[in-house]
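Close look at the chain arrangement
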Amino acid sequence: MVEGQIAIEEYRTGITKHHWDLKKIQSAHKVLASYLYKKGEVNRGYANRTLYVNLSTGIIQEKPVTDDMKKKFTGGRGFGLKLLWDSIKPTTRWNSEENELLITTGPLCGTTQYAGSGKSLCLSISPSTNIICDCNVGGFFGPYLKFAGFDALELQGKAREDVVVVIDGEKGIVSIEAAPLEEINTHLLSEQLTQMYATENTDKSRQKVSIVSSGLAAQHSYWGCLNFSFYDIRRKVPRIKQAGRGGLGTVLRDKKIKALVVKVGRFDGVSNHPADPITLAKVGIKLHREIRNLDRYQCNMRAVGTGHLVEIMDAYDLLPTENYRFGSFPKASKIYSPKFYELFTKIIPDGCWHGCTMACAKTVDGYTVMTGPYKGEKVTVDGPEYETIGACSNMSIWDPLWILEFNFYCDTYGIDTISAGTAIAFYMEMYEYGILNKERCSGLELCFGNADAALELLHRIAQGDTSEFIQVAARGARRVKDWIIQKNWGEKQLVEDTGMESKGLEFSEYVTKESLAMQGGYGLTLKGPQHDEAWLIFMDMVNNAIPTFQMKAEALHYYPMWRTWFGLNGLCKLPWNDIEPANNAETAEPSKVPEHVQNYVEYQNAMTGWNVTKEDLILQSERCYNWQRAMNVWMGRGQRKDDWIPFRAMGPVTEMEYLSRKERYDTQLLEKLRKSPKDVEKMTVREKLTILYEFRRGQYNKLADAVYYRRGWTPNGIPTPQKMRQLGFTDKKMLKMLQDKIDADEKNGLNLWGGTYAKEEQPPSNQKRYWETWK
Ligand code: SF4
């Protein structure tokens, strides 16, 4: 037993000991708009309509889902992009009236026979990047939204006062209700609303309610996350999963939405009405068996969740430490997964949707809060997952209890742990160099490892503290970089190279210095640096399985498309490759887990009645991926310059970093840059850094060339009209916009490869405007 914790058997009362007068809170609700709808049935995975709610005008209406929409956009993230394209302008910003927040499902979402089938997709224009950000998230909201009658929820406009939007799938009513008295922080609000909207005072009824909320800090920062609840019948607690990246919780609060509530009546394993339930059940059972028999010998997700990655990352020099300066640390063993295993409540199934035998949503119950407004209270902490632990190692915080504290407050305040951790780690490095100090940080001593100061920063953001540093810091690494440069407090290059963001979004928690493919995975992507293809690090760096630019480009085509496919269908990616069939290593392409890919082919066919192949699955994703890139271009952010990453992601920035891995870098100067041992010996560390810097920048540019070509884009990263037509798109507005951008690039001399090629090397194509001959 860890000091400060209580045994689970003593813990019977849900998250908190608060007692609320729920009748009073509910009677303060005023219905501002409502809409009666005819309840329908889901057929072959689709509800066949979406729900539109305008907070400004009170208009609530249904929109049909057409066969053409299914064919071109499949569902989930694809539907979100299509609805956004129809509703926003290229000049729309995150806080514009017409910006939308979308929650979408996919045709496979809500299945209970196949592990990992309960994901919702959330999309909006992000305050961090001012382009579309998409996030997937567990919890019950997505499946319930579909069973309530809708494939997607589209929220536009802004309410004048705090509201909840309620979708009552039992009665067939959607309402916008003024909600003045509820809490805002998630752990309290989700408890209040779950109780309030449950049809009866029973756990079974509470389980049929799901809440989306954020928290106090979301309204004062750009890191706002969305918390999706799922009522845990054993713990008697509404637990939460996060759509963390890009500040979608900030958009929720900007629209003055306190929460979204969905409730359903009866639902069961075949509520999706699959075309072929027998095949679906067969494929699902096969995977369940695999997980049960093999997980303990592979990732051990059922015991420790994604936290098992910490020790692996540390061993391979990939665990971000002190703002990605290092990839391992002497104290790292203090936060290895066994430390969290001690804290997790055991023997309770931990799936974030029914039927997920992977059950990786681990939880610490009865955690005693150490700081802030809830100090001394006992709460349930959902997590920590690997990324949250990595965010803390990045700040050099090595105490599991402080990691839980950070995890709890980020969640309840509605803050993304990754963005906050990565940004604060950068502020800490600036503090170490004296570029920031106590005075410039509004009294905070933000040195590496100062967990107290990191928590204090979160509390002050949540309180709406108006001091200059807190205001800027809450907007993330990009704004702090600009602020420091504008104040002239530090060397511009150092600040740009060490603030770990790209497109305005903070990096997630992997050190990419030695994996060019993963640098591409972070930079040559749509929404910003997210760990969507983190396994590329192992293929590239550890196994050296993709040595050439062409091979890396192929990997950066296939894997992002494959990863996208989960988001089109409402699926969790983890049961694809965090569990593998026993004979997977003997297959031709083990990294693709071919047997599982075939499962998904059969699964989608069994649900929809289609007859797709594994190539069709990639094509479904390619359509969505290119459409999203084209929308980035439309919004002025989809070119090569937008795909750049800070140098810390490519290599060592400071002399200390170089010296910490001197043998590795010296060897690279000898082998990759063909310097003589004499030259290397004579060079100063600064000179070596400069040479390495140029070399790695060049490599990244060549990688971008190869990737753009493979994806069917111009050398400046624009999807071509020819490629879009090949994918089946005929939207004239979209095709003309892309052609105009390409013509403008031509005039400005931007249709040129970015890499510098030696005589013996070739760019991806020697033909100018190579895409024009594509049929
Ligand atoms: S694998 Fe984990 S995150 Fe994915 S659905 Fe299952 S419990 Fe949720």
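Keep in mind it's a predicted model, so treat the numbers as computed, not measured.

Some remarks on the packing of aromatic side chains
Scanning all chains against the criterion turns up 53 aromatic pairs. For the pair phenylalanine 507 and tyrosine 522, a centre-to-centre distance of 4.8 Å together with 70 degrees between the ring planes defines the contact as edge-to-face. Remark: tyrosine 522 occurs in helix α19 (residues 516-523) and phenylalanine 507 occurs in the loop between β17 (505-506) and α19; sequence separation between them is 15 residues. You can call phenylalanine 507 buried: its relative accessible area is 0%. Judged by relative accessible area, tyrosine 522 falls into the buried class, the value being 0%. Ring pairs connect the aromatic residues Tyr114, Trp535, Tyr558, Tyr559, Trp562, Trp565, Phe566, Trp576, Tyr600 and Tyr603, which therefore count as one cluster. Across the ring face of tyrosine 46, the terminal group of lysine 70 is positioned such that the distance to the ring centre comes to 4.5 Å. Here the basic side chain of lysine 592 rests over the ring of tyrosine 558, its NZ or CZ set 4.0 Å away from the ring centre.

Details of the site of the ligand
Taken together, Gly116, Lys119, Lys241, Asp350, Gly351, Cys352, Cys356, Met358, Cys360, Cys572 and Leu574 make up the full set of residues near the ligand. Residues belonging to the shell around the ligand are distributed by class as follows: six nonpolar, two polar and three charged.

Focus on the environment of methionine 635
Following the sequence through the fold, methionine 635 ends up in the loop between α24 (614-634) and α25 (655-660). Note: C-alpha distance between methionine 635 and asparagine 751 (116 residues apart in sequence) is 19 Å. Apart from residues no more than four positions distant in its own chain, methionine 635 is found in contact with Ile88, Lys89, Pro90, Thr92, Arg93, Ile125, Asn130 and Ile131.

Points about the sheet that holds strand β13 (residues 257-263)
As summarised here, the arrangement of the seven strands in space is β1-β9-β8-β13-β10-β11-β12, forming an open sheet in which the pairing is mixed. A strand with exactly one partner marks an edge of an open sheet, and here the two such strands are β1 (30-36) and β12 (237-243). Strand-to-strand twist across the sheet, computed as the mean angle between neighbouring axes with direction ignored, equals 20 degrees. By the bridge criterion, six bridges tie strand β8 (residues 163-168) to β13 in an arrangement that is parallel. Among the inter-strand pairings, aspartate 168 is bridged to a residue of β13, identified as lysine 263. Its contacts with the sheet place helix α5 (residues 186-197) against β8, β9 (173-178), β10 (209-213), β11 (226-232), β12 and β13, and it is angled at close to 145 degrees to β10.

Quick word on the pattern of salt bridges
Where side chains of opposite charge bring their charged atoms close, a pairing between them can arise. Under the definition given, this model contains 62 salt bridges. The partner of arginine 478 in a salt bridge is glutamate 496, and the shortest N-O contact between them spans 3.0 Å. Here arginine 478, found in helix α17 (residues 477-487), pairs with glutamate 496, found in helix α18 (residues 492-498); they are 18 residues apart in sequence, far enough to count as distant. Two residues, glutamate 772 and arginine 769, come together in a salt bridge whose shortest N-O distance is 2.7 Å. Its relative accessible area of 41% is what places glutamate 772 among the partly exposed residues. Salt bridges sharing partners connect three or more residues here, namely Asp232, Arg235, Arg239, Asp350, Lys362, Asp365 and Asp382.

What to know about the sheet that holds strand β4 (residues 100-104)
Within the open sheet, the six strands sit side by side as β3-β2-β7-β4-β5-β6. Their pairing is mixed. Only two strands of the sheet have a single partner each, and these edge strands are β3 (60-64) and β6 (132-137). Within this sheet the neighbouring strands show an average axis-to-axis angle of 20 degrees, counted without direction. Relative to strand β7 (residues 152-156), strand β2 (residues 49-54) is paired through four bridges, and the arrangement is parallel. Residue pairing in the sheet places tyrosine 52 in a bridge with glutamate 154 of β7. Along the sheet face, helix α3 (residues 76-87) touches β2, β3, β4, β5 (120-125), β6 and β7 and points at about 155 degrees away from the line of β4. Sitting on the sheet, helix α4 (residues 141-148) touches β4, β5 and β7, and the angle it makes with β7 is about 100 degrees.

A few points about unusual backbone geometry
With an omega of 5 degrees, the peptide bond between glycine 383 and proline 384 qualifies as cis. The topology assignment puts proline 384 in the loop between β15 (378-382) and α12 (386-394). A positive phi is found at asparagine 300, a non-glycine position, where the angle reads about 60 degrees. Topologically, asparagine 300 is positioned in the loop between α8 (277-294) and α9 (301-304). One non-glycine residue with positive phi stands out, namely alanine 359, at about 45 degrees. Relative to the assigned elements, alanine 359 resides in the loop between α11 (337-343) and β14 (363-368).

A few points about the environment of phenylalanine 267
Tracing the chain through its elements places phenylalanine 267 in the loop between β13 and α8. Look at phenylalanine 267 and you get buried, because its relative accessible area is 19%. Linking phenylalanine 267 and phenylalanine 147, residues 120 residues apart in sequence, is a C-alpha distance of 7.4 Å.

Notes on helix α13 (residues 400-413)
The terminal C-alpha atoms of α13 lie 20 Å apart, and with 14 residues this matches the ideal 20 Å at 1.5 Å per residue to within 8%. You can read the cap of α13 off the contacts: a side-chain oxygen lies 2.8 Å from the backbone nitrogen of leucine 401, and it is on aspartate 399. Two residues or fewer past α13, glycine 414 is found with a positive phi of approximately 75 degrees.

With respect to the pairing of β12
Consecutive side chains of a regular strand alternate in pointing toward one face of the sheet and then the other. The buried fraction of β12 amounts to six of the seven residues, a majority that puts the element mostly inside the structure. Where β11 and β12 come together, seven bridges link them in antiparallel fashion. Bridge pairing in β12 places asparagine 227 opposite glutamine 242. Hairpin connection from β11 to β12: four residues lie between these consecutive antiparallel strands, with lysine 236 at a positive phi of about 60 degrees.

Here we look at the domain arrangement of the chain
In terms of domains, the chain is made up of domain 1 (16-67 + 138-263), domain 2 (277-506) and domain 3 (516-773). Across the boundary between the two partners, domain 1 contributes four residues, which contact six residues of domain 3. The largest share of the area that domain 1 buries against domain 3 comes from Arg44, Tyr46 and Arg245, three residues that together contribute 91% of it. Looking at the side of domain 1 that touches domain 3 residue by residue, the classes come out as one nonpolar, one polar and two charged.

Quick look at the packing of helix α21 (residues 549-569) against α24
Put simply, α21 and α24 touch, their axes get as near as 8 Å, and they point 90 degrees apart. Regarding the angle of α21 to α24, the classification is roughly perpendicular. Along the contact surface, α21 presents His557, Tyr558, Pro560, Met561, Trp562, Thr564, Trp565, Leu568 and Asn569, while α24 presents Leu617, Ile618, Gln620, Ser621, Glu622, Cys624 and Tyr625. A class-by-class count of the residues in the contact of α21 with α24 yields 10 nonpolar, five polar and one charged.

As for the environment of tyrosine 409
Structurally, tyrosine 409 can be placed in helix α13. Judged by its relative accessible area of 0%, tyrosine 409 is buried. Every residue in contact with tyrosine 409, bar those within four places of it in the chain, is listed here: Val369, Thr371, Gly372, Pro373, Tyr374, Lys375, Gly414, Leu455, Leu458 and His459.

Details of the nonpolar core
Membership of the largest hydrophobic core comes to 138 residues, with the highest contact counts inside it found for Tyr427, Leu446, Phe469, Trp562 and Tyr600. Beyond its immediate sequence surroundings of up to four residues, leucine 446 is in contact with Ile424, Tyr427, Met428, Tyr431, Cys441, Ala453, Ala454 and Phe469.

Section: the packing of α3 against α24
Closest axis-to-axis distance for the α3/α24 pair is 10 Å, and the angle between their directions is 30 degrees. In terms of crossing hand, the pair formed by α3 and α24 is left-handed. Two secondary-structure elements touch here, α3 through Arg77, Gly78, Leu81, Leu84 and Trp85 and α24 through Cys624, Tyr625, Trp627, Gln628, Met631 and Trp634. Residue classes in the contact of α3 with α24 are distributed as eight nonpolar, two polar and one charged.

What counts and how
- Residues numbered from 1 in each chain as written.
- Predicted model: local features only at pLDDT ≥ 70, side-chain atom pairs only at ≥ 80, totals over all residues.
- Heavy atoms only, no water.
- Phe/Tyr/Trp six-rings, centres within 6.5 Å; stacked < 30°, edge-to-face > 60°.
- Helix = DSSP H or I, 4+ residues; strand = E, 2+ residues; numbered from the N terminus.
- Buried < 20%, exposed > 50% of the residue type's maximum accessible area, 1.4 Å probe, protein only.
- Lys NZ or Arg CZ within 6 Å of the ring centre and 35° of its normal.
- Near = heavy atom within 4 Å.
- Nonpolar A, V, L, I, M, F, W, Y, C, P; charged D, E, K, R; others polar.
- Contact = heavy atoms within 4.5 Å.
- Pairing = 2+ DSSP bridges.
- Axes fitted to C-alpha atoms, helices over the stretch in contact; angles between N-to-C directions.
- Salt bridge = Lys/Arg side-chain N within 4 Å of Asp/Glu carboxyl O.
- Expected span 1.5 Å × (residues − 1).
- Polar contact = N/O pair within 3.5 Å; in protein donor to acceptor, adjacent residues only side chain to side chain.
- Domains from an automatic or database assignment.
- Buried area = accessible area lost by both parts, 1.4 Å probe.
- Parallel < 35°, antiparallel > 145°, perpendicular 65-115°, else oblique.
- Core = buried A, V, L, I, M, F, W, Y, C linked by side-chain atoms within 4.5 Å.
- Left-handed = near helix turned anticlockwise from the far one by under 90°.

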